[in-house]
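Working through the structure, step by step
In case you want the letters, here they are:
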Amino acid sequence: MSFSFSSLPIAQPQEILHDLLPFMLIHKNGRIERLALEETIPPSTDHSTGVRSKDVQISPETGLSARLFLPEINTSQKHKLPLVIYFHGGGFVVGRASGTLFQPFLNRLAFEANVVVVSVDYRRAPEHPLPTAYDDSWDAIKWVVSHATGNVHEPWLTDFVDFERVFFGGESAGANIVHQMAMRIGLEHDELVKLSGIVLIHPYFWGETLIGGEVVADVRETNVMGNLWRVSNPGTTGLDDPMINPGSDANLWKLGCKRVLVTVAEKDLLRDRGWYYHEVLGKSGWNGDMDIIEAKGEGHVFHLYTPFCENALTLFKTLSSFFNEIK
């Protein structure tokens, strides 16, 4: 979501345990008040792109589900399509796969890149603290790729997906999840997941020591970035935990893919973290191809709010090229 603190209501400190504006307020009586990204939309056929969407349940036990996006299929088309397993943003605490903000973006991504998209509806903190979102995301990945062996039959996956071209993508906290899932593949040497590459859009990483523009940013904004992590992961070792600060991860070079695309926005508080990730991954000994692009004059996840602006159109073209380049 876009960070905007200037017009937010002032919380009464005697009532609030955790002030995580603009995302949420956690009251001392235990009430959780989510303030963003809660509006949802049912799956549908998008008339401007022809992309169809539907919801599927992955685990009845945990309630884990996903929303699938399928572009129009040319009946004369012989080859199957790349797959993008997508993780939405929202600081681990807000946002849903069925969110009204994400639906238009994923419709357009499926259309422009001609890919099948699986958007994972992982459980959120603080009710389900980390590593729940990571574990849900991993379970969703395993469910999706199990279709390559024919053990499960969701026709949009078995009939249309090329499981030799699987990508992970996400923005903000979702980009953090993307990185963690790629690390899990690299550390576990998982042979079933043939990960072609990952896309991190405005990734939510942080650290104990402020860097770049964070040093001069509004202290309220920087505090929220740190507090979001602590609330989402109460068992964390701190802001240099490798899960929030990849630069402190001695295993970073084991990232389990050969291609990485990072995108950042000039006016985003998280901009310098994206550049830092690019830098430390390049120095880690990881042997892969990496690129980073910056959208000038834009803020955090601008493409969700202004999907037809020039920088958003450039982003769609970049993503389409990344997912369709044969390596």
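My aim in this report is to walk through the structure given alongside it, one point at a time. (Residues numbered from 1 in each chain as written. Predicted model: local features only at pLDDT ≥ 70, side-chain atom pairs only at ≥ 80, totals over all residues. Heavy atoms only, no water.)

For the coordinates displayed, the defined rule picks out 16 salt bridges. For Arg165, the salt bridge identified is with Asp162, shortest N-O distance 3.0 Å. With a closest N to O distance of 2.7 Å, Arg271 and Asp272 form a salt bridge. On the basis of relative accessibility, which here comes to 23%, the residue Arg271 falls in the partly exposed class. By relative accessible area, which is 16% here, Asp272 ends up buried. Residues joined by salt bridges that share partners form a network here, namely Arg271, Asp272, Glu294 and Lys296. (Salt bridge = Lys/Arg side-chain N within 4 Å of Asp/Glu carboxyl O. Buried < 20%, exposed > 50% of the residue type's maximum accessible area, 1.4 Å probe, protein only.)

The strand order across the open sheet formed by 3 strands is 1-2-3, and the pairing between neighbours is antiparallel. Bordering the open sheet on either side are strand 1 (16-20) and strand 3 (32-34), each of which pairs with just one other strand. Each adjacent strand pair in this sheet contributes to an overall mean axis angle of 10 degrees, direction not counted. Inspection of the sheet shows strand 2 (residues 24-27) paired to strand 3 by 3 bridges, in the antiparallel sense. Bridge assignment links Leu25 to a residue of strand 3, and that residue is Glu33. Sitting on the sheet, helix 5 (residues 219-232) is in contact with strand 1 and strand 2, with an inclination near 115 degrees to strand 1. (Pairing = 2+ DSSP bridges. Helix = DSSP H or I, 4+ residues; strand = E, 2+ residues; numbered from the N terminus. Axes fitted to C-alpha atoms, helices over the stretch in contact; angles between N-to-C directions. Contact = heavy atoms within 4.5 Å.)

Considering only enclosed or pocket space, the largest pocket measures out at about 180 Å³ in volume. Every residue lining the largest pocket is listed: Ile185, Gly186, His189, Val193, Lys194, Leu195, Trp253, Lys254, Leu255, Gly256, Cys257 and Lys258. Looking at side-chain class alone, the lining of the largest pocket contains 6 nonpolar, 3 polar and 3 charged residues. (1 Å grid on protein atoms, 1.4 Å probe; cavity = no way out; pocket = protein on both sides within 12 Å on 5 of 7 lines; lining within 4 Å. Points joined across faces, edges and corners; volume = space filled by probe spheres on them. Nonpolar A, V, L, I, M, F, W, Y, C, P; charged D, E, K, R; others polar.)

Under the definition given, this model contains 10 aromatic pairs. Summarising the aromatic geometry, the rings of Tyr86 and Phe105 are spaced 5.9 Å apart at their centres and angled 50 degrees between planes, so their arrangement reads as tilted. Remark: Phe105 occurs in helix 1 (residues 102-113) and Tyr86 occurs in strand 6 (residues 81-87); sequence separation between them is 19 residues. Since its relative accessible area comes to 2%, Tyr86 is described here as buried. Of the residues examined, Phe105 reaches a relative accessible area of 2% and is grouped as buried. When the centroid spacing of 6.2 Å and the interplanar angle of 85 degrees are considered together, the rings of Phe87 and Phe168 count as edge-to-face. (Phe/Tyr/Trp six-rings, centres within 6.5 Å; stacked < 30°, edge-to-face > 60°.)

Just distances and angles here, no functional claims.
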